[in-house]
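Observations on chain architecture
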Amino acid sequence: MVIHVEKDRCVGAGMCALTAPGVFTQDDDGLSEVLPGRQDGGGDPLVREAARACPVQAISVEEG
Ligand code: SF4
């Protein structure tokens, strides 16, 4: 699994960090960031939920 966050699209709603705090955080501007070493999701089942929760579909999850 590879997680991508489109920062251009992110509006800083924070739903991803709230939903999957083990994988997502927010940078100083409030924009979503994947935590270091968690680009593969770390096996966290909440990643998909976080992607769904994003109001602007800024998170994509690539299989493999
Ligand atoms: S939920 Fe979407 S818009 Fe909100 S911080 Fe996360 S990526 Fe950005």
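What you see is a predicted model; the values in this text were computed from it and never measured. (Residues numbered from 1 in each chain as written. Predicted model: local features only at pLDDT ≥ 70, side-chain atom pairs only at ≥ 80, totals over all residues. Heavy atoms only, no water.)

1. Here's the deal with the overall build of the chain
Per the secondary structure count, the chain includes two helices and four strands. The linear arrangement of helices and strands in the chain, starting from the amino end, is β-α-β-β-α-β. Against the compact-globule benchmark of 11 Å for 64 residues, the chain has a radius of gyration of 10 Å, which places it among compact chains. Seen through its C-alpha atoms, the chain measures out along the principal axes to roughly 30 × 20 × 20 Å. A burial count over the chain gives 33% of its 64 residues as buried. Restricting the contact set of the chain to residue pairs at least 6 apart, pairs at least 24 apart contribute 55%. For the chain, the accessible surface area stands at approximately 3,800 Å², while carbon and sulfur atoms represent 50% of it. Between the averaged position of the 5 positive side-chain charges in the chain and that of its 11 negative side-chain charges there is a distance of 6 Å. (Helix = DSSP H or I, 4+ residues; strand = E, 2+ residues; numbered from the N terminus. Rg over C-alpha atoms; globule rule 2.2 N^0.38 Å. Buried < 20%, exposed > 50% of the residue type's maximum accessible area, 1.4 Å probe, protein only. Contact = heavy atoms within 4.5 Å. Areas by Shrake-Rupley, 256 points an atom, 1.4 Å probe, with all protein chains shown as cover. Lys, Arg positive; Asp, Glu negative; His and termini not counted. Charge placed at Lys NZ, Arg CZ, Asp CG, Glu CD.)

2. What to know about the site of the ligand
Neighbouring residues of the ligand: 13 residues in total, closest C10, A13, G14, C16 and C54. Among the residues forming the shell around the ligand, the class breakdown is ten nonpolar, three polar and no charged. (Near = heavy atom within 4 Å. Nonpolar A, V, L, I, M, F, W, Y, C, P; charged D, E, K, R; others polar.)

3. Brief notes about the nonpolar core
Of all hydrophobic cores here, the largest spans 14 residues; its most connected members are I3, C16, V23, F24, V34, A50 and I59. Contributing elements (two or more residues each) for this core: α1 (15–19) and α2 (46–53). Tallying contributions element by element places α2 first for this core, with three residues. Apart from the residues within four sequence positions on either side, V34 is in contact with I3, V5, V23, F24 and Q39. (Core = buried A, V, L, I, M, F, W, Y, C linked by side-chain atoms within 4.5 Å.)

4. Things to note about the pattern of salt bridges
Scanning the entire structure with this criterion turns up four salt bridges. The partner of E33 in a salt bridge is K7, with the nearest N and O atoms 3.3 Å apart. Remark: K7 occurs in the loop between β1 (2–5) and α1 and E33 occurs in strand β3 (residues 32–34); sequence separation between them is 26 residues. Sharing partners across several salt bridges, the network here consists of K7, D27 and E33. (Salt bridge = Lys/Arg side-chain N within 4 Å of Asp/Glu carboxyl O.)

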